[in-house]
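Understanding the architecture of this molecule
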Amino acid sequence: MVHVADPDAWFRKTYADVAKYGTKPDQYKGLEQMLGEFPDIHWIGAHMGGDPEHPDHLESLLERFPNLCFDTSATKWQVREVSARRQAIRDLICRHPERFLFGSDLVTRHHLAREHYVSRYWCQRTLWESDWEGPSPIADRDFDTKPQESSARPATPALCGLQLPADVLRQVYYANAERLLVTGPDSTAIK
C-alpha cells in the first residue's frame, strides 16, 4: 500500500509553496516510476489513489498500470470529493470494479466517542450503497464554501450516494481484498 499526495485543498493552503513542496501532479512521478519498474507487485493506492478530485487521472493510472488498485479510505475526504464528482467516480468504479477495495482509515483512540466511528461507517456505506443526498454528518475543515470565522464550526459538504450495483459492492467490500491478499492476485477462484 502506498500513500501518494493529499487533498487538493491542502495544495491550495498547506502546500501552497510550490518551490518547497512541488505540485500535486509532481507527487505521482515516483509512484509511476515504481509501478513501471515493478509490474509484478500489486500496489494499493490509499485514499482513492490520493486523487479523488481527478477521476480522469485515476482512470489514466488504472489504464497504464494493471498492477494498481485503489482503496476508499479517508472517509471525510472521500465524502467531500467523491460526492462532488458522483457520476464520474461511479462510472470509474463500475468500469474497473476489480480495482477498488474498501478502506476506512479509522484509527482507534481512547478519547474518541462511539459516534466518531459510527458516523464514518455510516458515511462510507451511504456513499457507496445508496443514492441518498444530504449533508455529511462529519465536520470538514477542508471544505470551502466561504471563509469561516475561526470560532465557527466547519461547514459540512454534501454526501451524494453513488448507489453502486450489488456485484460491484461485493467486489469492493471483500472479493477484491480476498483475491489480492488471501488467495493471490492471479486467482480466479472468487466466490
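Since this is a predicted model, take the numbers as computed values, not measurements. Position labels on residues start from 1 in each chain and follow its written sequence. A pLDDT threshold of at least 70 governs which residues receive local features in this predicted model, and a stricter bar of 80 or more applies before side-chain atom pairs are shown or counted, although totals over entire chains, interfaces and linings include all residues. Hydrogen atoms and water are omitted, and side-chain values are computed over all heavy atoms in the structure.

Some remarks on the packing of helix α6 (residues 75–84) against helix α8 (residues 114–129)
Between two packed helices, the angle of one axis relative to the other and the distance separating the axes together describe the packing. Two numbers describe how α6 lies on α8: the axes approach to 10 Å, and their chain directions differ by 30°. One element, α6, and the other, α8, form an angle in the roughly parallel class. Crossing of α6 over α8 shows left-handed handedness. Of the residues in α8, those in contact with Thr-75, Gln-78, Val-79, Val-82 and Ser-83 of α6 are Arg-120, Cys-123, Gln-124, Leu-127 and Trp-128. Note on definitions: angles span 0 to 180 degrees between N-to-C directions of axes, and those axes are lines fitted to C-alpha atoms, for helices only across the stretch in contact. In this description a helix means any DSSP run of H or I spanning at least four residues, a strand means any run of E spanning at least two, and both kinds are numbered starting from the N terminus. Relative orientations are named as follows: roughly parallel for angles under 35 degrees, roughly antiparallel for angles over 145 degrees, roughly perpendicular for angles from 65 to 115 degrees, and oblique for any other angle. Crossings are sorted by hand: turned counterclockwise from the far helix by less than a right angle, the near helix makes the crossing left-handed, and turned clockwise it makes it right-handed. The contact definition used throughout considers only heavy atoms, calling two residues in contact when any of these lie within 4.5 Å.

So, the packing of aromatic side chains
We call Phe, Tyr and Trp rings a pair once their centres come within 6.5 Å, taking the six-membered ring for Trp, and we label the pair stacked below 30 degrees between planes, edge-to-face above 60, and tilted otherwise. What the rule picks out here adds up to six aromatic pairs. Judged by centre distance (6.3 Å) and plane angle (70°), the ring pair of Trp-10 and Tyr-15 falls under edge-to-face. Grouped by ring-pair contacts, the aromatic residues Trp-10, Phe-11, Tyr-15 and Tyr-21 constitute a single cluster.

Focus on unusual backbone geometry
The phi torsion at Met-48 lies on the positive side, around 55°, for a residue other than glycine. Structurally, Met-48 can be placed in helix α4 (residues 46–49). One non-glycine residue with positive phi stands out, namely Asp-105, at about 60°.

What about the sheet that holds strand β1 (residues 43–45)?
In short, DSSP must find at least two bridges between two strands for them to pair. Taken in spatial order, the three strands make up an open sheet running β1-β2-β3, and their pairing is parallel. Looking along the sheet, the strands with just one partner apiece sit at the ends: β1 and β3 (100–101). Examined bridge by bridge, β1 and strand β2 (residues 68–71) share three bridges and lie parallel to one another. Opposite Trp-43, over in β2, you have Leu-68 as the bridge partner.

With respect to the environment of Leu-106
Residue position: Leu-106 is located in the loop between β3 and α8. For the pair Leu-106 and Ser-130, spaced 24 residues apart in sequence, the C-alpha to C-alpha distance is 21 Å. Those residues in contact with Leu-106 that sit more than four places away from it in its chain are His-116, Tyr-117, Arg-120 and Tyr-121.

Brief notes about helix α7 (residues 86–95)
Taken as a whole, α7 has its buried residues at Ile-89, Leu-92 and Ile-93. Down the axis of α7, the buried set is contained in an arc of 95°. They therefore lie on one face. Each residue's exposure class comes from its accessible area (1.4 Å probe, protein chains only) as a fraction of the maximum for that residue type: buried when under 20%, exposed when over 50%, partly exposed otherwise. This arc is taken over the directions from the axis of the helix to the C-beta atoms.

Regarding the pattern of salt bridges
A side-chain nitrogen of Lys or Arg and a carboxyl oxygen of Asp or Glu constitute a salt bridge if their distance falls within 4 Å. This model, assessed by the stated rule, comprises eleven salt bridges. The residue Lys-24 makes a salt bridge to Asp-51 at a minimum N-O spacing of 3.1 Å. Of this pair, Lys-24 sits in the loop between α2 (18–21) and α3 (29–37) while Asp-51 is found in the loop between α4 and α5 (55–64), placing the two residues 27 residues apart along the sequence. On the basis of relative accessible area, Lys-24 is assigned to the buried category, the value being 7%. Between Glu-129 and Arg-125 there is a salt bridge, with its nearest N and O atoms 2.8 Å apart.

A short note on the environment of Glu-53
For Glu-53, the position within the fold is in the loop between α4 and α5. A relative accessible area of 5% means that Glu-53 is categorised as buried. Residues Glu-53 and His-42 lie eleven residues apart in sequence; the distance between their C-alpha atoms is 23 Å. Setting aside chain neighbours within four positions, we find Glu-53 in contact with Pro-7, Asp-8, Lys-24, Trp-77, Glu-81 and Arg-85.

Observations regarding α5
Taken residue by residue, α5 has Pro-55, His-57, Leu-58, Glu-59, Leu-61 and Leu-62 as its buried positions. For α5, the secondary structure elements touched by its buried residues are α3, α4, β2, α7 and β3.

Take it as geometry only, folks, not as evidence of what the structure does.
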